[in-house]
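Geometric and topological summary
Now for the letters of each chain:
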Amino acid sequence: LSLVARTGADAPGTETGVVFNNLHDPVFSDNSQTAFRGTLSGPGVDNTNLSAIWSEGSGSLQLVARQGSQATGAGPEAIFLSFNEDPIINGRGQTAFRARMRMGDSGELIGGIWATDLSGNLQLVVREGDYFDVDDHPLRYDLRVISSIDLPNTDFLSSAFNDLGQLTFTLRFTDGS
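Overview of the structure. Quick caveat, the model's predicted, so the values are computed rather than measured.

A word on the pairing of strand E12 (residues 143-150)
Alignment of strand E11 (residues 131-133) against E12, held across three bridges, turns out to be antiparallel. By the bridge assignment for E12, aspartate 133 is matched with leucine 143. The sheet contact formed by E12 and strand E13 (residues 170-173) spans four bridges and is antiparallel. Residue pairing in the sheet places aspartate 150 in a bridge with threonine 170 of E13.

Describing unusual backbone geometry
One non-glycine residue, serine 32, adopts positive backbone phi at about 65°. Topologically, serine 32 is positioned in the loop between strand E2 (27-28) and strand E3 (34-41).

Some points on the side chain of serine 55
For serine 55, the location among the structural elements is in strand E4 (residues 51-55). At 2.9 Å, the side chain of serine 55 forms a polar contact with the backbone nitrogen of glycine 57. For serine 55, the side chain forms a polar contact with the side chain of threonine 95, separated by 2.7 Å. Residue contacts for serine 55: discarding those within four places in its chain leaves Thr34, Ala35, Ser60, Leu61, Gln62, Val64, Ile89, Gly93 and Thr95.

Concerning the sheet that holds E13
As summarised here, the arrangement of the three strands in space is E11-E12-E13, forming an open sheet in which the pairing is antiparallel. The sheet is open, and its two edges are formed by E11 and E13, each paired on a single side. For this sheet the average axis-to-axis angle between neighbouring strands, irrespective of direction, equals 65°.

How each quantity is defined
- Residues numbered from 1 in each chain as written.
- Predicted model: local features only at pLDDT ≥ 70, side-chain atom pairs only at ≥ 80, totals over all residues.
- Heavy atoms only, no water.
- Pairing = 2+ DSSP bridges.
- Helix = DSSP H or I, 4+ residues; strand = E, 2+ residues; numbered from the N terminus.
- Polar contact = N/O pair within 3.5 Å; in protein donor to acceptor, adjacent residues only side chain to side chain.
- Contact = heavy atoms within 4.5 Å.
- Axes fitted to C-alpha atoms, helices over the stretch in contact; angles between N-to-C directions.

This is the structure we're talking about:
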């Protein structure tokens, strides 16, 4: 056994004096790496930046995403608003999660899924409002607009994100399908 994180300890990737306030149940990879979401307390922490996700996927515990920070891949004005579900981590240390973001001046709230690549860089996978081709034929397109996105529940986390970086998720479209 080894200690990964504890309440009151310095939270990696945050400002000096910012500590873990609350830790949610961790998820584990087949290689015993952990990922979890938690909340913070300390200087400069308020309701707009207290929630975050951490992962050991790159070898040591690192901050993956924090409420109030830029929502990677969604434009310069998009910020992470909330993380309401546990992340997923695969055997190669890639971490994926679903989050809500606020889109700049419009204030529109949009859900999406993000995942780290093999180098630990965060990438937007898919978001509400995107077009998605539901026809796998290479010469035909059946594009639909995504209205909502879900990751599998925690009973299926180990199979939802495989070691090839393939991620399982559910999409609902604006046409009702």
